[in-house]
Amino acid sequence: MSRTGFGHYRPGAEDTVPTTAPAEPEETVETTLGEDAELDLSRDEATARVEGTLAKLEAELVGLAAVKRRVREIASLLLVDRARRQFGLASSRPTLHMSFAGGPGTGKTTVALRMAEILHALGYLRVPRVHTVTRDDLVGQFIGHTAPKTKEAIARAAGGILFIDEAYYLFRPENERDYGQEVIEILLTEMENERGSLVVIFAGYPDRMATFFAANPGLSSRVPHHIGFDDYTHPELVQIADLMVAAENFRFDDEAREAFSSYLTRRMERPQFSNARSVRNAVERSRLRQARRLVELDRPLNRDDLITLTAEDIYGSSLFNEPNR
Amino acid sequence: MKLRHGTFSYLPDLTDDEIAAQVRYALDHAWPVSVEFTDDPHPRNVYWEMWGLPMFDLTEPDGVLAQINECRATFPNSYVRVLAYDARLGRQTTAMSFLVQRPAREPDLQLTRVEGENRTQRYAVQSRATTEREGAWQP
């Protein structure tokens, strides 16, 4: 007799309570629809939330047409999958691990944040949260240190997205005693785990990501979604700058926009140009120069003075002072 | 003897999902959770062996459950409990403590006679699990 109810212990009675009761079968939340039922995807409340997030992605990010299309495709796939489940059509949980390959400042982290919101709206993640880690957070310093560190990172990301930035640093083929390989093995078992609702995103620069995946075929085969982020073109960067400036409650006057455009042309030729991040830094520096200019004006300021970035603020950049090469 | 120890001890044993829900409750209150185990169910055995360090900065119970399962796998014949510590100033104590595993067979406690000072007769509680342990000292 197994005592599973309440009651005090009785010395005579047999006492064989299992240490862990068998897990109850997961109850199906949605009622199964009939064979001839019709489902209007556009009326689904999850669709509305996903559409909202996609619209946000569309508005926030300039360009990146390929990425947006891919994200939309994944969202549609999951929506259809959800609809199939409502009809009682069984299918396994889709593998959602992704790789984001793109130059610096092309919006990989931002897309990961939006991806978390989309997956959460569709019920594939319990929380719309992204836990960003780099090699330092995963790889230990001595034998036996790596596994606990990696597991800790996985535990913190549980229920959300584990975003591994510059993932290729995990794998150092030139040093065979490197602990990075151990991280990859632990990640693989965790990614295979059907029950865990963890989604892993590997991110990094395209060429090195390609070598990374080529060197780890096991990893590559478990990441079905490879998304490439292209570098921004010049007009896109100008548009990004406008958005950034507007978001900070500033504006360029006409000359300043010209100046910024020519600044970008010069900046893009430089090594280590990092797309939107460079634009942000340039805007930050023009704000500095604007502040200095305003203080030196030595007269009462009006609202217009405070929000306008002039050509002078842009031309102050050291890029314009260099002799042309 | 079924050990009644900690919170929920008079309820049926918790399932993994219920444990996860309780851990989530602790994490929602920002109480770091830790796992401990012992083979000695003596009521005065307050300090159990720690299974790893307390787990800080978690928001989801998955990591705790993974540790519980590792501990269960390593010590299938031990008691395992989960502790939640409230570090708030003014409380700074264990906020929650409950068993998540008990051995298949739970040896009971034994009342033994003990010789006291000046040949006085006292009684002591001894957990049979410790005397049954392999290589245990037999009086």
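Read on for an overview of the structure. In this text the structure is predicted, and so the values were computed from the model without any measurement.

## Quick word on the nonpolar core
Then, number 1: A:Ile161, A:Leu162, A:Ile201, B:Val33 and B:Ile68 are the most contacted members of the largest nonpolar core, which totals 73 residues.
Then, number 2: If one sorts the elements of this core by residue count, helix α3 (residues 108-121) of chain A sits on top with six residues.
Then, number 3: The contact partners of B:Val33, leaving out residues within four places of it in the chain, are B:Val23, B:Ala26, B:Leu27, B:Pro54, B:Met55, B:Val64, B:Val82, B:Leu83 and B:Ala84.
Then, number 4: Grouped together as the second largest cluster of nonpolar side chains are 17 residues, A:Val245, A:Ala259, A:Tyr263 and A:Val283 included.

## A short note on the packing of helix α9 (residues 234-247) of chain A against helix α11 (residues 275-297) of chain A
Residue and element names in this part refer to chain A.
Then, number 1: Between α9 and α11, whose axes approach to 10 Å, the crossing angle comes to 50°. With respect to α11, the axis of α9 lies oblique. With respect to the hand of their crossing, α9 and α11 are arranged in right-handed fashion. On the side of α9, the interface is formed by Leu 237, Ile 240, Ala 241, Met 244 and Val 245, while α11 contributes Ala 276, Val 279, Arg 280 and Val 283.
Then, number 2: Tallied by class, the residues present in the contact of α9 with α11 amount to eight nonpolar, no polar and one charged.

## Observations concerning the sheet that holds strand β4 (residues 199-204) of chain A
All names here are of chain A.
Then, number 1: The strand order β2-β3-β4-β1-β5 describes an open sheet built from five strands, whose pairing is parallel. With partners counted over all chains shown, the strands left at the sheet margins are β2 (130-133) and β5 (225-229), one partner each. The mean inter-strand angle of the sheet, taken between neighbouring strand axes irrespective of direction, is 20°.
Then, number 2: Across five bridges, the pairing between strand β1 (residues 98-102) and β5 is parallel. When the bridges of β5 are listed, Gly 102 appears paired with Phe 229.

## A closer look at the environment of A:Asp298
Residue and element names in this part refer to chain A.
Then, number 1: The topology assignment puts Asp 298 in the loop between α11 and α12 (303-307).
Then, number 2: Asp 298 sits in the exposed class, given 6 other C-beta atoms within 10 Å.
Then, number 3: In sequence terms Asp 298 and Asp 81 are 217 residues apart; their C-alpha atoms lie 64 Å from each other.

Quick notes on the rules
In this numbering scheme, every chain counts its residues from 1 along its sequence in written order. In the order they appear in the text, chains get letters beginning with A and ligands get numbers beginning with 1. It should be noted that, the model being predicted, local features are given only for residues of pLDDT at least 70 and side-chain atom pairs only at 80 or more, the latter also being counted only at that level, while totals for whole chains, interfaces and linings use all residues. Core membership is restricted to buried Ala, Val, Leu, Ile, Met, Phe, Trp, Tyr and Cys residues, and these are joined into a nonpolar core through C-beta atoms within 7 Å. Counting other C-beta atoms within 10 Å of its own, a residue is labelled buried from 20 upward, exposed at 12 or fewer, and partly exposed in the gap between, with every C-beta atom placed from the backbone. Counting from the N terminus, the helices are the DSSP runs of H or I reaching at least four residues and the strands are the DSSP runs of E reaching at least two. Two residues qualify as being in contact provided that their C-beta atoms, derived from the backbone, are within 7 Å of each other. Here an angle of 0 to 180 degrees is reported between the N-to-C directions of two axes, which are lines fitted to C-alpha atoms, with helices fitted over the stretch in contact. Working rule for angles: under 35 degrees goes down as roughly parallel, over 145 as roughly antiparallel, 65 to 115 as roughly perpendicular, anything else as oblique. For a crossing to be left-handed, the near helix must be turned anticlockwise from the far one by less than a right angle; the clockwise case is right-handed. Three classes are used: nonpolar for Ala, Val, Leu, Ile, Met, Phe, Trp, Tyr, Cys and Pro, charged for Asp, Glu, Lys and Arg, and polar for all others, with Gly counted as polar. A pair of strands is considered paired only if DSSP assigns at least 2 bridges between the two.

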